[in-house]
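# Fold and contact review
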Amino acid sequence: MFSPHSFSPLVHLAGGSIFSNETDVPCPFGTFKCPEGKCIPQTSVCNYQKDCDKGEDELNHCPPPECEPGQISCGQYVFNKTYCIPPHYKCDMTIDCVDGTDESDCTYRKCQQDDIRCGTPSLGVSLNGRVAEICVPKEKRCDGYLDCRTGKDEEGCTGTACRLDQFRCANGVRCIDTSLKCNHKNDCGDNSDEVGCSKFRPCSSCVCWRVR
C-alpha cells in the first residue's frame, strides 16, 4: 500500500534537477557548504566566527589568530577555545590552554604557612595526584593588584584592584593598560602614569636644518 510518508520530499531546481533534500543541493562556486545545507561565502571560512550551525566553517584546518601585543599563544589552536593569554597566566597553576602548554616546563612555589590562600581552580595543575591549591606571599595582600585570580588577596581592601597586566594609578581608583604608561598623556587623571618618563615625545619623522 502506498504511504505518503515513505518518500523524502524532493527539492526542484531550475533546469529540472531533483534532489532528495536541501543538504544534497550543491553550493555555487566561491561558497562553502555547511553540513546542514547552508551555503556561506568562502570569505566567511576561518574568520574566527561561527557561520555554520555547529561551527564547521572554523574547523577546516584554520590558522591560529594573531595575539594582541604583549600576549602569549598556546601551542594548539582550537576554535572557540583559549589561544591567546596574558603573560601572567603562564605557570600560574591554572590550565588555560586546551593543550596545557601554559603550564608546561614550570617550577611552582610551595605554599607557606602565612601565605594567602587563593583557592583551588577548577582546571588546576595536579600535584601528587590532586589539584594543587594556589597561594601568594602575604606581602601581596592589598597591594592593589589581583595576584590571586579569585581576588582573595584584595578582599576588604580599599581602592580599585588591577590585573597584573595593567598599571594602577597612584590615586588608587583607576587601572590603565600598561601600553598607556609614558605616552605623554595624563590617562590616570593624576599624571602618575607619566612619572619617571622621558619629557620628550619621540618624533615619527625628523627634519634636518643646515645652519650656516
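The rules behind these values
- Residues numbered from 1 in each chain as written.
- Predicted model: local features only at pLDDT ≥ 70, side-chain atom pairs only at ≥ 80, totals over all residues.
- Heavy atoms only, no water.
- UniProt positions renumbered as here; feature names shortened; annotations may be inferred.
- Helix = DSSP H or I, 4+ residues; strand = E, 2+ residues; numbered from the N terminus.
- Buried < 20%, exposed > 50% of the residue type's maximum accessible area, 1.4 Å probe, protein only.
- Contact = heavy atoms within 4.5 Å.
- Areas by Shrake-Rupley, 256 points an atom, 1.4 Å probe, with all protein chains shown as cover.
- Salt bridge = Lys/Arg side-chain N within 4 Å of Asp/Glu carboxyl O.
- Core = buried A, V, L, I, M, F, W, Y, C linked by side-chain atoms within 4.5 Å.
- Disulfide = S-S within 2.5 Å.
- Lys, Arg positive; Asp, Glu negative; His and termini not counted.
- Polar contact = N/O pair within 3.5 Å; in protein donor to acceptor, adjacent residues only side chain to side chain.
- Phe/Tyr/Trp six-rings, centres within 6.5 Å; stacked < 30°, edge-to-face > 60°.

The Subcellular location (unreviewed entry) field of the UniProt record for the chain holds the comment "Membrane".

Turning our eyes to something else, we now look at the overall build of the chain. On a plain count of helices and strands, the chain comes out with zero helices and twelve strands. Sequence-ordered secondary structure for the chain, helices as α and strands as β, is β-β-β-β-β-β-β-β-β-β-β-β. Scored against the burial criterion, the 212 residues of the chain give a buried share of 26%. In the chain, of all internal contacts separated by at least 6 residues, the share reaching a separation of at least 24 is 16%. Split by element, the accessible area of the chain, about 15,100 Å² in all, is 53% carbon and sulfur.

For the structure on display, the rule yields seven salt bridges. Linking Asp92 and Arg149 is a salt bridge whose minimum nitrogen-to-oxygen distance equals 2.6 Å. Of this pair, Asp92 sits in the loop between strand 6 (84–85) and strand 7 (116–119) while Arg149 sits in the loop between strand 10 (134–136) and strand 11 (166–168), and the two are 57 residues apart along the sequence. Overall, Asp92 belongs to the buried group, its relative accessible area being 15%. Taken together, the shared-partner salt bridges connect Asp92, Asp96 and Arg149 into one network.

Positionally, Val173 belongs in the loop between strand 11 and strand 12 (175–177). According to the relative accessible area criterion, Val173 is exposed, its value standing at 57%. Expressed as a C-alpha distance, the spacing of Val173 and Cys162, which sit eleven residues apart in the sequence, is 9.5 Å.

This brings us to the nonpolar core. Met93, Ile116, Cys118, Val125, Ala132, Ile134, Val136 and Cys148 form the largest nonpolar core, which has eight residues in total. Grouped together as the second largest cluster of nonpolar side chains are seven residues, Cys74, Tyr77, Tyr83 and Ile85 included.

Next up on the list: the state of the cysteines. Under the definition given, this model contains twelve disulfides. A disulfide bridge connects Cys67 with Cys84, and the sulfur atoms are separated by 2.1 Å. An S-S torsion of about -85° defines the bridge between Cys67 and Cys84 as left-handed. A residue pair is termed long-range when its members are at least 10 positions apart, and Cys67 in the loop between strand 4 (39–41) and strand 5 (72–73) and Cys84 in strand 6 qualify at 17 residues. Disulfide pairing places Cys169 opposite Cys188 at an S-S distance of 2.0 Å. Disulfide Cys169 to Cys188: torsion about the S-S bond roughly -80°, handedness left-handed. In this pair, Cys169 is assigned in the loop between strand 11 and strand 12 and Cys188 in the segment after strand 12, connecting sequence segments 19 residues apart.

On to the side chain of Asp153. As for its position among the elements, Asp153 is in the loop between strand 10 and strand 11. Lacking a salt bridge, the buried Asp153 has Arg141 as its closest oppositely charged neighbour, with an N-O distance of 7.6 Å. At a separation of 3.0 Å, a polar atom in the side chain of Asp153 contacts the main-chain amide nitrogen of Asp147. Sequence-distant contacts of Asp153, that is, excluding residues within four places in its chain, are made with Ile116, Val136, Lys140, Arg141, Cys142, Asp143, Tyr145, Leu146, Asp147 and Cys148.

Attention now moves to the packing of aromatic side chains. Counting across every chain of the model gives two aromatic pairs. Centre to centre, the rings of Tyr48 and Tyr77 are 6.1 Å apart; their planes meet at 80°, and the pair counts as edge-to-face. Highlighted residues: Tyr48 in the loop between strand 4 and strand 5 and Tyr77 in the loop between strand 5 and strand 6, separated in sequence by 29 residues. With a centroid separation of 5.7 Å and 85° between ring planes, the pair formed by Tyr77 and Tyr83 is classed as edge-to-face. Judged by relative accessible area, which is 13%, Tyr83 ranks as buried. Pairwise contacts between aromatic rings join Tyr48, Tyr77 and Tyr83 into one cluster.

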